[in-house]
Structures are given as C-alpha cells and as structure tokens.
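Summary of the model geometry
Below, each chain spelled out in residue letters.
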Amino acid sequence: MSHLFEMVKRFKLYPRQVEWLGFRALAVGSVLTITPIFMVVIYILVQGGPAISWGFLTQMPQNGMREGGILPALVGTLYLTLGTAIFSVPLGIGAAIYLSEYSSDSSLTRIIRLAIINLAGIPSVVYGLFGLGLFVIFLNFGTSILAASLTLSIMTLPVIISTTEEALRAVPQSFRVVAISLGATRWQAIRRVVLPQALPGILTGVILGLERAAGETAPILFTGAAFFLPRLPQSPMDATMALPYHLFVISTQVPGMPIRIQYGTVLVLLTFVLGMNIVATVIRSRARARRQW
Amino acid sequence: MESKHPLEFLITWFIRLTGYSSIFFVVLILFFLVSEGLPALSEVSLDTLFSTRWYPIESYYGILPLILGSLVVTIGAMLIAVPFGIGTAVYLSEVARPMVREILKPLVEILAGLPSVMLGFLGIQVVSPFLREFLDLPTGLTAFAGSLLLGGIAIPTIVSIAEDAMNNVPQSYRQGALALGATRWQTMWGVTFPAARSGIITAIMLGLGRAIGETMTVMMVTGNAPIMPNSIRALFMPIRTMTATIASEMGEVAAGSIHYHVLFFIGIVLFLLALIVNITASWVSMRKQTHKERVLS
C-alpha cells in the first residue's frame, strides 16, 4: 500500500503534459455539452418529418385533436408574435435610443438599467400572473390575444432594449458629431445617420426577442391561450390556440394522443423558432461583413 | 435647439417616456403581485403558510415543499450546468480554433432559443423513460430529470456570458504570462480566468436565475408531486416546484379566492428570489468595472 502511495507521490506531469491533457478534456467536455443539441434537432426531424404534410399545416384539429392539423395553433402563434411586435418594438427601440443617445450617466439612468435587468430576470410564469392581474382582470380584457400579447411584450422588452442599445452604441461617435456640425438636430442625426447604420443590429435583436415570445408558454397560460377552439380567432379580444401551449396540451393533457402528431407539432414549433434564429444570424453576419467602420 | 420643431419636441418626449417605461413596468408588476398576493397573509396563518403540507383542496397551504422542490431541482441543475458551461466557455474563448468556434457558438445560441415546452416534451418522451430504465426507478419523472433538462437550459446563458468575460480580458495579460514561460494552460487558469472572475460569477448567477424561474420544463418532467424533499433520495423522486405549482393550478382557481391569493404570494417569493439573484449579478459586474479602472489607471 505504501509502495503505491510513493508511486502516486512521485508521479508528476510536466506543464506541457498537463496542458495537453487539459485541452483534450475541455474539448471533450464542450463536445459533450454541444452534441445533445445536434441530436435533439436531428431526432425531431426524423420523428416529426413523416407527420408534416400540407393538410397538417392547414387543417383544423379533428376528433379531440387526435386527427387533422394544427392550423389554429399555428395561426394563433403568428397573431401573438405580431401582437407582441406591435407593442414591444416601438417601446423597446425608443427606450434603447433614450439610453444610448439622450441619457447621461445619472442616478436615474442607473435605476432604469436596474429595472431592465430586473425585468429580464423575472420568471416567465410571474409575467403570467401579472398579465392575469392587470390585463385580464383589472383592465377586463379577458383571456384574449390582446392580454397575452401585452404580457409577452413586457417580457420581451429587455431583450429588445439591450440588443438595440448595443447596436446603437456600436455606431462611431464621429458620425453623430459630423451630422450635427452640418446643422442637423439631434433627432435628425439619429433618424438619418445613427438608426440606418444600426438597423441590422436592431433587426437581429428584435427577431431574437420575438423568437423568445413565440416559444413561450407560461406567460400565456392564463392570459390568452385556449385548450381547443373550433374556429380561428376573429378579433384581438378572442382567446387563441398557440403552438407551444398546444404542444403542452397534446403531450400531457390528452390521453391516447398519436405520437406522430406530437412530434409533428414539435417539428413545426422548432422550425418556426429556428427559422427566426437563422434569419437573425444571417442579418447579423451579412451586416458585419459589409460594415465599413 | 431641440424644441425648435414641434415634431422634434414630441419625438424627444416619446423617447424619454419609453426610456422611463421599464421602471414603470417593474413597479406595476410589483404592485399587482403585492395587491393580489399579500391578502394571503391575512387569510392563511403564517404557521399554515410555512408548514410542510400543500393540499389546497383541504385548505393546506404549506409552501415549504414547493420552495424546497425548487431548490433541489435548481441545485441539481447548477451542479450540471456550472462545470459544463464554464468548461465550454473557457474552451471556446481560449482553446478552440476560430473555425471550431464559429461552428460551436451558433449551436449554443440555438440551445438558448429552444422553447422550454419542447425540452419538457423531450423530457417526457426520451429522458424520463431512459432514466427509469437506467436507474431502475418506479418513474422517470423525477427531480433529477428536471435538473438534467434545466441544466441544459442554464448552460447557454452561462456559456455566452462567461465567454464574453474571458474575451474581455486584455490580450496583454495573456502575453505577459506566456512571455514569463507559462504554458497556455497555466495562463488560462492562473491569469485569464481569475481576471474574468466577476464576469464568470455574473454568468453563474444569471444561469441560476434562469433555472429557478423555468416553468414548463419542470412542470412536465418532475412528476408534479408536492412532497417534502427530506434526503438526497428526493432527487430521484417526483417533486413540485413553485413555478410549476402556479402554472398548473392558477387556471382552475376562482379570482379572489384564498388559493388564488396564495398562488400570487408564491409569485412574490419568486419575484424576490429573481431580484436577489439579478442584483447580486449586476453588483458583481459593476464592481468589476471599478476594479478594471483601477488596474488600467
């Protein structure tokens, strides 16, 4: 035993060997972290692919959702995403312009930043509670697309503000100085010079924010999501089905649900979200390649 | 100059208002949580509220099993997410060749964008049957399944913020260490990592915040049983978190009932937890700035 202990004690690696081993270990760890994502995407493609057809995307669910398509859920998610965009995009971009172009480093600005950090950290289900208390009950919107969109908008706001602010700050200060020295007012300088330059970055941020809204379930659980509706929503005051909530329903609440339809729904949701992600990434990398400053 | 044109005046005010809106929303959220949740304190005695039994149908409103349920799942998730997240961040920032990094980073971003309900679905279909077989459990829908998936949800947050922090360490630090004869491995852990320490703590805190607040995944895979976790074995038994309780019960309660108020009270607890985690995170990263200024001056 003591012999073994001596051996361990004398066993010493050179720094180079430690480095070699360490690099390999880190590489293996990273691959272990990242391969599951690959596997998830491919697994869903394989399992869900056969369920996808034109009818699946354009038909109403039938026979207690066990047959037919997912049209109302797909349309509902589109409505919710658009509704969220209507409120959160002007508000978020406005707030980012304020923070990047107007505010000074005052204690008020620091409080605003703290508020944004705080908004970003509030759990999604707490947004759901807030939406229920304010929009559904207090303002009497009922469970509706309007209430759900407003709830999702506030949740999305910090993502849009922080990415937009970053894009605005990346525009060199000299651009503003030149515009103003040529007689432009502050807003003209922002509108004509800063915003166009920052546009790709802003778009990326907006899409990533909306991507998150499109995939969320908890905030719409009690503010706008419906278990099943026999027809498409007719107005913003109607409740709506939505892809993520629909997936939750058919995977936990409906007994005897064909597995094919479940995976098909996952695949549609994944395509929706991943599609937005890819668009955002392409916009960003193309803008980077073209940027001259 | 700004008030010359009425339009400019209007736009400036609009932008100012949107700037303040975040404060307004935080106050509004807090106000509604408190106004709907605080009545719980007068309707249910504190002894009941902090007891170990959650069974609202018979007026047992003990939220301790739910708080501990959240803690067990979150700690499990962090035990997975911290080593793998930090390891991946260090690998991406210090070791990986640029080409490898360009491939791996978008994948991490994809993981960040996957809807939590989708991970919950995969948890039900793939992870929990596997765990049941592999660990020979009566059910795979356990706290451990939740931890595993929550770990996956916290990882992208940790990777992207920790990697930023490592990248922000001035190149001269590394060059100095290498010039003194340190290997890259020694430089990474002896110089770069400590210099990025506060950013890495921020990354861990924000990952923690995501894990505590996650709802759909834990609701779908942890088996939804509000049992008091009392030993390490609880990790392999069904459990119920605070978030899952709100999500699964709020749909069925009448507005204004005791149960409704208690669920909002749980919302206040979650809000405060998120507040503590986020303020700690931003406090750590603000301290970093003053530290950096000191070093560079």
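Residues numbered from 1 in each chain as written. Chains lettered and ligands numbered in written order. Predicted model: local features only at pLDDT ≥ 70, side-chain atom pairs only at ≥ 80, totals over all residues.

Next up on the list: the overall build of chain A. A count of helical and extended segments in chain A gives 11 helices and two strands. Overall, chain A shows an N-to-C arrangement of helices and strands of α-α-α-β-β-α-α-α-α-α-α-α-α. Here the C-alpha atoms of chain A give a radius of gyration of 25 Å, more than 25% beyond the 19 Å that 2.2 N^0.38 yields for 293 residues. Here the C-alpha coordinates of chain A stretch approximately 75 × 70 × 40 Å along the principal axes. (Helix = DSSP H or I, 4+ residues; strand = E, 2+ residues; numbered from the N terminus. Rg over C-alpha atoms; globule rule 2.2 N^0.38 Å.)

What follows deals with the nonpolar core. Of all hydrophobic cores here, the largest spans 181 residues; its most connected members are M118, I158 and A162 of chain B. The element best represented in this core is helix α7 (residues 143-167) of chain B, accounting for 15 residues. Contact partners of M118 of chain B, with chain neighbours within four places excluded, come to L247, V266, L269 and L270 of chain A. (Core = buried A, V, L, I, M, F, W, Y, C linked by C-beta atoms within 7 Å. Buried ≥ 20, exposed ≤ 12 C-beta atoms within 10 Å, placed from the backbone. Contact = placed C-beta atoms within 7 Å.)

Locating V108 of chain B in the fold gives a position in helix α5 (residues 98-113). Remark: the alpha-carbon pair of V108 of chain B and T88 of chain B, spanning 20 residues in sequence, is separated by 9.8 Å. When neighbours within four sequence positions are excluded, V108 of chain B is seen to be in contact with I34 of chain A together with P156, V159 and S160 of chain B.

Scored by pLDDT, chain A comes out at a mean of 86, with 97% of its residues at no less than 70. Element-level pLDDT for chain A is lowest in helix α1 (residues 2-10) of chain A, with a mean of 69, against a maximum mean of 92 in helix α7 (residues 145-169) of chain A. (pLDDT = per-residue confidence, 0-100.)

A few words on the interface of chain B and chain A. Contacts between chain B and chain A engage 68 residues on the former and 65 residues on the latter. For the side of chain B that touches chain A, the per-class residue count stands at 43 nonpolar, 19 polar and six charged. (Nonpolar A, V, L, I, M, F, W, Y, C, P; charged D, E, K, R; others polar.)

Turning our attention to the environment of A213 of chain A. All names here are of chain A. With respect to the element layout, A213 can be found in helix α9 (residues 186-215). Along the sequence, A213 and T151 sit 62 residues apart, while their C-alpha atoms lie 9.7 Å from each other. Excluding residues that lie within four positions of it along the chain, A213 makes contacts with T81, T84, L152, M155 and T156.

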